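The residues making up each chain are set out below.
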Amino acid sequence: MTELAAQACEACRADAPLVSDDELAELLREIPDWTPIARDGVMQLERVFKFRNFKQALAFTNRVGEIAEEVGHHPALLTEWGKVTVTWWSHEAGGLHKNDFIMAARTDKQLDAD
Ligand SMILES: C[C@H](O)[C@H](O)[C@H]1CNC2=NC(N)=NC(=O)C2=N1
C-alpha cells in the first residue's frame, strides 16, 4: 500500500464516509504515536509534540498550518511553550475520515523539517 502520508486527501464533505472500527485499528498502526479520543461523541486523533522552546513550537505550528491549507483540511492546534497539541477530525463528517489519518501522517513528517 502507498505510504499514508503520500496518499491523496479527498475534499471534505458532510457525507464523507467515516472509518469503520476495523479500518481505524488498521490505520492507527501506521501512525502509532497518535491517540484516538472521543470528545462529545466525536472521534478525533491527537498527538502532543515536544520542542525545546516556544519559537520551535510556533514554527512547527505554522508548518502544520501550511499543509492544512494545501488540502483545505484543518486541525485544532494548541501552541504552548515547548509543546504543540495537534488534533485531527473531519468536522463536516462528524468523526474520523481517512483524510485525518493521511494528515496525521503528514503532520509527523513536519518534525523532520526542523
Ligand atoms: C468549506 C470547507 O471546505 C470546509 O469547511 C472544510 C474546511 N476544513 C475542514 N477541516 C476539517 N478538519 N474538517 C472539515 O470538515 C473541514 N471542512
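Before reading on, note that the structure itself is shown above.
The shown structure was predicted, so the numbers you read here are calculated from the model rather than taken from an experiment. (Residues numbered from 1 in each chain as written. Predicted model: local features only at pLDDT ≥ 70, side-chain atom pairs only at ≥ 80, totals over all residues. Heavy atoms only, no water.)

1. With respect to a negative patch on the surface
Taken together, the side chains of Asp21, Asp22, Glu23, Glu26 and Glu30 make up a negatively charged region of the molecular surface. With respect to the secondary-structure elements, Asp21 resides in helix α1 (residues 21–28). (Patch = residues over 30% accessible without salt bridge, like charges linked within 9 Å, V, L, I, M, F, W, Y side chains within 5 Å. Areas by Shrake-Rupley, 256 points an atom, 1.4 Å probe, with all protein chains shown as cover. Salt bridge = Lys/Arg side-chain N within 4 Å of Asp/Glu carboxyl O. Lys, Arg positive; Asp, Glu negative; His and termini not counted. Charge placed at Lys NZ, Arg CZ, Asp CG, Glu CD. Helix = DSSP H or I, 4+ residues; strand = E, 2+ residues; numbered from the N terminus.)

2. Side note on α1
Every buried residue of α1 is listed here: Leu24, Leu27 and Leu28. All buried residues of α1 lie within an arc of 100° about the axis, which places them on one face of the element. As for α1, its buried residues are in contact with β1 (35–39), β2 (42–50) and α3 (98–109). (Buried < 20%, exposed > 50% of the residue type's maximum accessible area, 1.4 Å probe, protein only. Arc of directions from axis to C-beta. Contact = heavy atoms within 4.5 Å.)

3. Considerations on the site of the ligand
The environment of the ligand is made up of Cys12, Gly72, His73, His74, Trp89, Ser90, His91 and Glu92. At 3.2 Å from a nitrogen atom of the ligand is found a main-chain nitrogen or oxygen belonging to Gly72. Glu92 places a side-chain nitrogen or oxygen 2.7 Å from an oxygen atom of the ligand. When the ligand sits alone it has 400 Å² of accessible area, and the protein chains cover 66% of it. Considered class by class, the residues forming the shell around the ligand number two nonpolar, five polar and one charged. (Near = heavy atom within 4 Å. Polar contact = N/O pair within 3.5 Å; in protein donor to acceptor, adjacent residues only side chain to side chain. Nonpolar A, V, L, I, M, F, W, Y, C, P; charged D, E, K, R; others polar.)

4. As for the nonpolar core
Ranked by internal contacts, the top residues of the largest apolar core, which has 26 residues, are Ile31, Trp34, Leu45, Trp88 and Phe101. For this core, the secondary-structure elements that each account for two or more residues are α1, β2, α2 (54–71), β4 (83–88) and α3. With near-sequence residues (within four places) excluded, Leu45 lies in contact with Leu28, Ile31, Trp34, Thr35, Pro36, Val86, Thr87, Trp88, Leu96, Asp100, Phe101 and Ala104. (Core = buried A, V, L, I, M, F, W, Y, C linked by side-chain atoms within 4.5 Å.)

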